[in-house]
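Chains, contacts and geometry: an overview
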Amino acid sequence: MSLRMLLGLTVVSAAITTTGCGPKPEQYSLKGQVLDISASGQIIVKHDDIPGFMPAMTMPYKVRDPGVLQEVQPGDLIAAALMVAKNGNYWLEDVRITDQSGRKTAKSAAMATHVLKIGDKAPDLPLINQDGKTFRLSDFKGKALLTTFVYTRCPMPTFCPRLSSQFAKIHEHLAKTPDDYNKTHLLTISFDPKYDTPAVLRRYGLAYLDNDATGFSHWDFATTNPTELRALADAFGLAYFEEDNQISHSMDIVLLTPEGSVAKYWSTDWTAGELEDALRQQARSAASTPSAAAGGMKR
Amino acid sequence: MRRCSGGACLLCAASVLLAACSQMGFGLSGAELHGAQLFDLHCADCHDETNPDLKKQPPKLKGLFRSKLLPSGSPATDQQVRKTIIEGFGTMPAFDQRLRDQDVDDLVKYLHVLK
């Protein structure tokens with residue numbers, strides 16, 4: 001199976017849960033080093049060649065046994081079975097730690113920082129949007145905010161292009177109900193600030209807004225300096241690593257309440273409909289509480 | 001029912017063999033073969049597959065240069081295809097700084113023979 005087949009797998013994996021009654025998944029042997037563990041329960045593994053399947057690279061993987069997430073730590077060398085189902089799902093099973101000596105030296109963002117829990121207040125770091133305007137998450141006070149992370153040069157259709165395409169769908173749906181539209185906001189943050197300048201982000205955003213720049217009033221495309229970006233990513237549990245001009249990353253979507261607290265996280269298992277419903281629900285429930293109603297909307 | 005004569009059968013077999021060889025990369029120049037590998041790695045996920053979660057389905061690229069215009073409406077020239085690969089177009093990501101000049105050249109060469 002080629003690399004492109006693997007990359008195509010995640011499209012289906014997001015929507016389908018393996019039931020175990022389908023054809024037996026293919027199994028490959030994976031060996032590599034754990035670089036990070038995302039808040040959404042994926043482990044980021046820099047792995048060796050997987051003969052007959054894909055070359056060496058760094059990729060996020062789901063694990064079937066949640067206990068693994070408690071055991072592995074960044075820096076660990078692991079061996080595992082990479083399972084690839086016919087329906088497109090892929091995941092790791094039988095994860096074994098073969099060497100723990102790298103733990104001490106692993107420079108993991110996840111180890112050094114605190115990933116926000118549900119209910120925690122999001123950090124109020126400055127961001128720069130597609131128009132070059134500086135803003136902060138607190139500027140969205142009073143609105144439910146759905147945010148995610150991408151980089152515009154991402155070539156994997158099941159990662160960033162999928163995220164932006166599905167956000168575009170949510171944006172279009174919300175535009176049909178002005179009440180919800182005015183109480184919600186979408187935010188796409190690039191983790192490639194070197195390349196994704198405001199001008200690049202504007203061009204990227206317009207492609208997903210059908211060239212209608214008025215859509216930026218409801219959907220911002222932003223970035224910030226590398227230090228602030230890392231802090232924000234760590235807070236939301238996003239893992240990303242740059243290698244050879246490519247960025248390996250986990251997929252993370254975060255819903256913030258109109259008060260700026262974390263309401264929910266998603267990684268790979270979501271649909272645009274689920275995100276949209278949660279966003280609308282968050283906006284409506286908050287609007288019915290006196291404190292939210294009293295909160296001002298700056299944007 | 002029509003039957004295949006001996007000669008016609010040989011011709012059929014030769015055609016099938018030629019098609020198979022072409023599929024496997026025989027008959028391609030070194031540059032085209034390299035372009036084919038790059039296409040498989042970087043382009044085929046979007047341009048050969050169907051990704052229903054994408055906002056716009058990327059166009060198939062077989063016979064790209066047969067038409068005078070690219071799917072974007074721009075002239076189907078090497079220069080324009082190079083520009084599209086490097087800068088991206090619409091929702092297509094840019095490959096700027098991710099492919100070397102020679103890679104882009106080879107990719108364009110392969111797109112000329114992709115049928």
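Look a little higher up for the structure.
So, a few notes on the structure that sits alongside this text. Keep in mind that this is a model prediction, so the values were computed, not measured.

A word on helix H4 (residues 101-113) of chain B. All names here are of chain B. A rise of 1.5 Å per residue sets the reference length of H4, with its 13 residues, at 18 Å; its end C-alpha atoms lie 19 Å apart and thus fit the reference within 8%. Of all the positions in H4, only Asp 106, Leu 107, Val 108, Lys 109, Tyr 110 and Leu 111 are classed as buried. On its buried side, H4 packs onto helix H2 (30-47) and helix H3 (78-87).

The next subject is the interface of chain A and chain B. Facing the 21 residues of chain A at the interface are 17 residues of chain B. Split into classes, the residues belonging to the side of chain A that touches chain B amount to 11 nonpolar, 7 polar and 3 charged.

For the rest of this paragraph, the subject is the nonpolar core. If you look at the biggest cluster of nonpolar residues, it comprises 70 residues, and the most contacted ones within it are A:Phe191 and A:Ala233. Ranked by residue count, the leading element in this core is helix H4 (residues 160-175) of chain A, at 6 residues. Residue contributions to this core reach at least three from each of two domains, namely domain 1 (3-110) and domain 2 (113-294) of chain A. Aside from chain neighbours lying at most four places away, what touches A:Phe191 is A:Phe149, A:Tyr151, A:Leu229, A:Ala233, A:Tyr240, A:Ile247 and A:His249. Membership of the second largest hydrophobic core comes to 12 residues, among which are B:Cys43, B:Val81, B:Ala94 and B:Val108.

For H4(A), with 16 residues, the first-to-last C-alpha span of 22 Å sits near the 22 Å given by 1.5 Å per residue. All buried positions along H4(A) are accounted for by A:Cys160, A:Pro161, A:Arg162, A:Leu163, A:Ser164, A:Gln166, A:Phe167, A:Ala168, A:Ile170, A:His171 and A:Leu174.

All names here are of chain A. Of the strand pairs in this sheet, strand S11 (residues 240-243) and strand S12 (residues 246-249) are connected by 4 bridges, and their pairing is antiparallel. Bridge pairing in S12 places Glu 242 opposite Ile 247. What sits between S11 and S12 in their antiparallel hairpin is a turn of 2 residues, with Asp 244 showing a positive phi close to 50 degrees.

Cut-offs and rules
- Residues numbered from 1 in each chain as written.
- Chains lettered and ligands numbered in written order.
- Predicted model: local features only at pLDDT ≥ 70, side-chain atom pairs only at ≥ 80, totals over all residues.
- Helix = DSSP H or I, 4+ residues; strand = E, 2+ residues; numbered from the N terminus.
- Expected span 1.5 Å × (residues − 1).
- Buried ≥ 20, exposed ≤ 12 C-beta atoms within 10 Å, placed from the backbone.
- Contact = placed C-beta atoms within 7 Å.
- Nonpolar A, V, L, I, M, F, W, Y, C, P; charged D, E, K, R; others polar.
- Core = buried A, V, L, I, M, F, W, Y, C linked by C-beta atoms within 7 Å.
- Domains from an automatic or database assignment.
- Pairing = 2+ DSSP bridges.

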